[in-house]
Amino acid sequence: MFALMQSTRLESLHLSVDPVTGLKAVIAIHNSRLGPALGGCRYLAYPSDEAAIEDAVRLAQGMSYKAALAGLAQGGGVAVILRPAHVENRAALFEAFGRCINELDGRYITAIDAGTSVADMDCIAQQTQFVTSTTAAGDPAPHAAMGVFAGIRSTAMARLGSDNLEGLRIAIQGLGNVGYALAEQLHAAGAELLVSDIDHGKVQLAMEQLGAHPIANDALLSTPCDILAPCGLGAVLNSNSVSQLRCAAVAGSANNQLIHLEIADQLERRGILYAPDYVINAGGLIYVSLKHRGEELTTITAHLSKISSRLTEVFAHAQAEKRSPARVADELAEKVLYR
């Protein structure tokens, strides 16, 4: 655990247990140089406690880098709640988690993430002010999708020579809140959609509403397309999966898409342009950060527009230096965090 913290430069790791509700939670605070740590709360089943801790630490690091390159006065942090097999009172569990957050006295602000909902954030808000993505604050998913959409256009320009998405084959892996909102925007732009999700109902809805083509989950990565958009959970890009890719670029909303940084070099060798996940998917963080600070929607939208220019900057550096955009983005973020 300490080796993982040192290798990622994690500031602190907090473990909380509440026997009454069954709560087992991990809060990882990666870097607070720019401001209080902000990041989502995941509620998922994990194969082990160690897996939950590693997920929290890796995600927190990504949130720090994301905030740094998005120009936000926030640090990076993430919480994961290990979902038990049976929960008697979900509201009580999240209220207990809210008390854990409150004990950190503002060092960490939580938000919606995989497995959690606005209703869960409302429960947390009964115990602490250090929460966003509540009913009052609004769902960040549409804004996250807006940023990814802009990033896909920048990726298409860099790799294909035009940001016109009409007729492009875009494969979306995962039709959650962000993935489906992204699919709607891509459909409106005239893209041809290939979609997969473990929830067949969501795939059916995309077929009916967006004219999407369904692809089996285990076949999507090897299906020919112009751009692959991973929009589910992370670690989708590994040595095996990258060797199967038949796309020109990868640009999606999922966090921690690369199982490790060397995979980015493999993508580069194959001529596949990679949009660093924490750059392209910063829209959700931008929304929850600025909304928590009381900014107006016009200010938030203006800040979202910077995702495209930042991604274009990363691509330009990568092309000039003949390196992976992932390595360039890491260096740019680290200059902000550790200068």
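Scroll up for the structure.
In short, a report on the structure. The numbering scheme is per chain: residues are counted from 1 as the chain's sequence reads. Totals for whole chains, interfaces and linings use every residue, but because this is a predicted model, local features are given only for residues with pLDDT of at least 70 and side-chain atom pairs only at 80 or more, for both listing and counting. Only hydrogens and water are removed before side-chain values are computed, so all heavy atoms of the structure are retained for them.

### Thoughts on a nonpolar patch on the surface
Inference 1: Nonpolar side chains (Val, Leu, Ile, Met, Phe, Trp, Tyr) are joined into patches within 5 Å and like charges within 9 Å, using only residues with over 30% relative accessible area and no salt bridge. Only the protein chains shown count as covering a residue, and every accessible area follows the Shrake-Rupley method with a 1.4 Å probe. By convention in these notes, a salt bridge is any Lys or Arg side-chain nitrogen within 4 Å of a carboxyl oxygen on Asp or Glu. Taken together, the side chains of M1, F2 and L15 define a hydrophobic patch exposed on the protein surface, amounting to about 360 Å² of accessible area.
Inference 2: Segments assigned H or I by DSSP are reported as helices when at least four residues long, segments assigned E as strands when at least two residues long, and all are numbered from the N terminus. For M1, the location among the structural elements is in the segment before α1 (2-8).

### Observations concerning the nonpolar core
Inference 1: Nonpolar cores are built from buried Ala, Val, Leu, Ile, Met, Phe, Trp, Tyr and Cys residues. Side-chain atoms within 4.5 Å join them into one set. Type-normalised accessible area, obtained with a 1.4 Å probe on protein chains alone, sets the label of each residue: buried when under 20%, exposed when over 50%, and partly exposed for intermediate values. Within the largest apolar cluster, 56 residues are counted, with the highest numbers of intra-cluster contacts made by I81 and F97.
Inference 2: Throughout, a residue-residue contact means that at least one pair of heavy atoms, one from each residue, lies within 4.5 Å. Setting aside chain neighbours within four positions, we find F97 in contact with L23, A25, I27, C41, A79, I81, T110 and I124.
Inference 3: Within the second largest apolar cluster, 45 residues are counted, among which are L165, L182, A333 and L337.

### Concerning helix α12 (residues 297-304)
Inference 1: Burial in α12 covers these residues: I300, H303 and L304. Here the buried residues of α12 occupy an arc of 105° about the axis, which is enough to place them on one side.
Inference 2: The inward-facing, buried residues of α12 abut α2 (49-70), α5 (141-160), α11 (283-292) and α13 (306-321). The arc under discussion is defined with respect to the helix axis, by the directions toward the C-beta atoms.

### Observations concerning the packing of aromatic side chains
Inference 1: Two aromatic rings from Phe, Tyr or Trp, using only the six-membered ring of Trp, form a pair when their centres are within 6.5 Å; if the ring planes differ by under 30 degrees the pair is stacked, by over 60 it is edge-to-face, and anything between is tilted. All told, the structure shown has 2 aromatic pairs when counted by the stated rule.
Inference 2: Aromatic side chains Y43 and F94 sit 5.3 Å apart centroid to centroid with 65° between the ring planes, which places their arrangement in the edge-to-face category. Taken together, the positions of Y43 in strand β3 (residues 37-44) and F94 in helix α3 (residues 90-103) put the pair 51 residues apart, joining distant regions of the chain.
Inference 3: Exposure remark for F94: the relative accessible area of 0% places this residue in the buried category.

### A short note on the side chain of S324
Inference 1: Checked against the element boundaries, S324 lands in the loop between α13 and α14 (325-338).
Inference 2: At 3.0 Å, the side chain of S324 forms a polar contact with the backbone nitrogen of A326.
Inference 3: In this structure S324 touches A264, D265, E268 and A318, once residues within four positions along its chain are discounted. Counted as a polar contact is a pair of N or O atoms within 3.5 Å, where, for protein atoms, one must be capable of donating a hydrogen and the other of accepting one, and residues adjacent in sequence contribute only when both atoms are in side chains.

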